[in-house]
Amino acid sequence: AMAARGGGDSDSDSVGGGAGRALPPHSPSGAVLQTVEMHTGGEPLRIVPRLEAAERAAAAGLSLLSLRREVAARHDHVRRALMHEPRGHAGMYGAVVVRGAAAADGADLAALFLHCAGYSAMCGHAVMALGRFALDYGLVAAPTRPETAVRLRCPCGPVTAFVPWDGRRSGNPVRFHSVPAFAAATDLPIDVPGHGKVVVDIGYGGTFYAFLSTEQLGLDVCSSKTRDLVSAASAVTEAVKKQFKLHHPESEDLAFLYGTILTDGKDAFSEEPTTNICVFADEQVDRSPTGSGVTARIALQYHKGLIQLEQSRTFQSSTTGSLFTGKAVK
């Protein structure tokens, strides 16, 4: 993960090389938000270190899932301003850091996850970036060498990131222990308009995804056009939503299909990488292999007996070639 700082426009910036010509100042009533820009495996993360409205709501005793609903209902302009153009783009992703009351129960910080279409319950690539952010910005009281455990509260539950620490700054590689993952459905027949009947698996890794090989759709995850993969994955997502009812054992707020992950079909254990592409929310493409998606895919592979405990697999993004490794640990 790499980081850089970004802030609001300054009213002292000059334009066109003309001395004394200043950009229009911010509206006095407008909010100024500082962000920290990071990425994990090519997938961006725009971090908001502090959002006062979220902290006030959290201090009133809202759970993180309730806080997610509150921010969506009353402060969605923040998400739109930071995720959409001109400040964001079609692939932007974000996280609002919530400290204080919301990070109780032994956590170092809590986080809300933002994307171009709304809010997620979990994000693995964000957890890895937030682990480094927490160390470098002093949010962990007593970091330890050579690795520090950073405890995060996500809307889906508690997650722990493990981050290299040299006594001065964070490093790579970062790993994390997710919330309990599980197989929600396997070999589920779904009728997809334009593609006919396909068979999907549905896994949970902090949020739900549908999984199927691109071969079933007449495509190749490595060589087909991204636009064709996105269209096919979106059609699968919509079909699954209409034909299968999800359930989460802890909260129905978590019982939603986040997206579809198309794979090369190589689910049995191998030392070679297996490639996938994740299409989530409103046809948004993850440039990393997808942390929560990898977690859900590992749960499915373990459930089917295709991998064993502690067997590490490598997962590759078809769009950027970036790699995540993952394994079932218990």
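Please read all numbers here as calculations on a predicted model, not as lab measurements. (Residues numbered from 1 in each chain as written. Predicted model: local features only at pLDDT ≥ 70, side-chain atom pairs only at ≥ 80, totals over all residues. Heavy atoms only, no water.)

## A short note on the side chain of Gln301
Under the convention used in this document: Helix and strand assignments come from DSSP, with helices taken as H or I runs of at least 4 residues and strands as E runs of at least 2, each series counted from the N terminus. Should any heavy atoms of two residues lie within 4.5 Å, those residues are counted as being in contact.
Take Gln301: it is sitting in helix 6 (residues 291-303). Contact partners of Gln301, with chain neighbours within four places excluded, come to Lys266, Asp267, Leu306, Ile307, Arg313 and Phe315.

## Here we look at the packing of aromatic side chains
As a reminder of what qualifies: Between rings of Phe, Tyr and Trp, where Trp is taken as its six-membered ring, a pair exists when centres lie within 6.5 Å; planes separated by under 30 degrees are stacked, by over 60 edge-to-face, and by other angles tilted. Relative accessibility thresholds used throughout: buried, under 20% of the residue-type maximum; exposed, over 50%; partly exposed, between the two (1.4 Å probe, protein chains only).
According to the stated counting rule, one finds 9 aromatic pairs in the structure shown. Their ring planes at 90° and their centres at 6.4 Å tell us that Phe256 and Tyr258 sit as a pair that is edge-to-face. Under the relative-accessibility criterion, Tyr258 is labelled buried at 6%. Note on Tyr258 and Phe280: the rings are 5.2 Å apart at their centroids and 40° apart in plane angle, and the pair reads as tilted. Residue Tyr258 is located in strand 13 (residues 257-263), and its partner Phe280 is located in strand 14 (residues 274-280); the two are separated by 22 residues in the primary sequence. Each of the two residues, Tyr258 as well as Phe280, counts as buried.

## Brief notes about the side chain of Asn276
Stated formally: Each polar contact in these results corresponds to two N or O atoms within 3.5 Å; when the atoms are within protein, one needs to be able to donate a hydrogen and the other to accept it, and residues that are neighboring in sequence are counted only if both atoms are side-chain atoms.
The residue Asn276 is located in strand 14 in this model. A distance of 3.3 Å separates the side chain of Asn276 from the backbone oxygen of Pro289, its partner in a polar contact. Among all residues touching Asn276, those that are not within four sequence positions of it are Val221, Ile261, Leu262, Thr263, Pro289, Arg297, Phe315, Gln316, Ser317 and Ser318.

## Some remarks on the domain arrangement of the chain
It is common to give the size of an interface as the accessible area that goes away when the parts come together. Note the threshold: All the domain ranges listed were derived from an automatic or database domain assignment. In this description, buried area is defined as the sum, over both parts, of the accessible area (probe of 1.4 Å) that is lost when the two are combined. We count a salt bridge whenever a side-chain nitrogen from Lys or Arg sits within 4 Å of a carboxyl oxygen from Asp or Glu. When residues are sorted by character, Ala, Val, Leu, Ile, Met, Phe, Trp, Tyr, Cys and Pro go into the nonpolar class, Asp, Glu, Lys and Arg into the charged class, and all the rest, Gly among them, into the polar class.
By the assigned domains, the chain splits into domain 1 (36-177) and domain 2 (182-326). On a C-alpha basis, the centres of domain 1 and domain 2 stand 24 Å from each other. With 25 residues of domain 1 in contact, the opposing surface of domain 2 contributes 24 residues. Approximately 1600 Å² of surface area, both sides summed, lies buried where domain 1 meets domain 2, with 56% of it carried by carbon and sulfur atoms. Inspection of the domain 1/domain 2 interface yields 1 salt bridge. Between Asp253 and Arg69 there is a salt bridge whose closest N-O contact spans 2.1 Å. Linking domain 1 to domain 2 there are 6 residue pairs in polar contact (both at pLDDT 80 or more). Elements with a minimum of two residues in the side of domain 1 that touches domain 2: strand 3 (43-48), helix 2 (64-74) and helix 4 (124-136). Partitioning the side of domain 1 that touches domain 2 into residue classes produces 13 nonpolar, 9 polar and 3 charged.

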